[in-house]
Amino acid sequence: MTAAQTPDGGWTRKQLAEWGVPWPPPRGWRKHLEARWEGKDVPPLQRQEPDQGSLF
């Protein structure tokens, strides 16, 4: 996973999409990928929609 990091230490939207991570990446996405790579049965990540009340 760290081999795919950008020089600034992040990941591109394209790279995350290849791994099945929605944009913006939800909280806990790295632990989710680690569990998947370890062969654990985990549900797909869901995109977290912002609370509309916090936008105003």
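Structure shown above.
Residues numbered from 1 in each chain as written. Predicted model: local features only at pLDDT ≥ 70, side-chain atom pairs only at ≥ 80, totals over all residues. Heavy atoms only, no water.

Which parts of the structure should I look at to understand the overall build of the protein chain?
When its secondary structure is counted, the protein chain shows two helices and zero strands. By the burial criterion, 21% of the 56 residues in the protein chain qualify as buried. Put simply, of all contacts in the protein chain between residues at least 6 apart along the chain, 21% involve residues at least 24 apart. As displayed, the protein chain has an accessible area near 4,600 Å², and 51% of this comes from carbon and sulfur atoms. (Helix = DSSP H or I, 4+ residues; strand = E, 2+ residues; numbered from the N terminus. Buried < 20%, exposed > 50% of the residue type's maximum accessible area, 1.4 Å probe, protein only. Contact = heavy atoms within 4.5 Å. Areas by Shrake-Rupley, 256 points an atom, 1.4 Å probe, with all protein chains shown as cover.)

Before we go on, may I ask you to explain the nonpolar core in this structure?
Side chains of a nonpolar character, in soluble globular proteins, are inclined to be buried together. Grouped together as the largest cluster of nonpolar side chains are seven residues: W11, L16, W19, V21, W29, L33 and L45. Beyond its immediate stretch of four places on either side in the chain, W11 contacts M1, A4, Q5, T6, L16, W19, W29 and R30. (Core = buried A, V, L, I, M, F, W, Y, C linked by side-chain atoms within 4.5 Å.)

Even after reading the chapter, I still don't get the side chain of H32, so can you show me in this structure?
Along the chain, the position of H32 falls in helix α2 (residues 29–37). Among residues more than four places away in sequence, those in contact with H32 are V42, P43, P44 and L45.

Where do I start with the packing of aromatic side chains in this structure?
Aromatic ring pairs are defined here through the distance separating the ring centres and the angle between the ring planes. Per the counting criterion, the structure on display carries two aromatic pairs. Centre to centre, the rings of W11 and W29 are 5.1 Å apart; their planes meet at 85°, and the pair counts as edge-to-face. Of the two residues, W11 is situated in the segment before α1 (13–18) and W29 in helix α2; the sequence distance between them amounts to 18 residues. You can call W11 buried: its relative accessible area is 16%. An angle of 85° between the planes, with centres 5.7 Å apart, marks the rings of W19 and W37 as edge-to-face. With W19 in the loop between α1 and α2 and W37 in helix α2, this pair connects stretches of sequence that are 18 residues apart. Take W19: its relative accessible area is 14%, and that puts it in the buried class. The class for W37 is partly exposed, based on a relative accessible area of 46%. (Phe/Tyr/Trp six-rings, centres within 6.5 Å; stacked < 30°, edge-to-face > 60°.)

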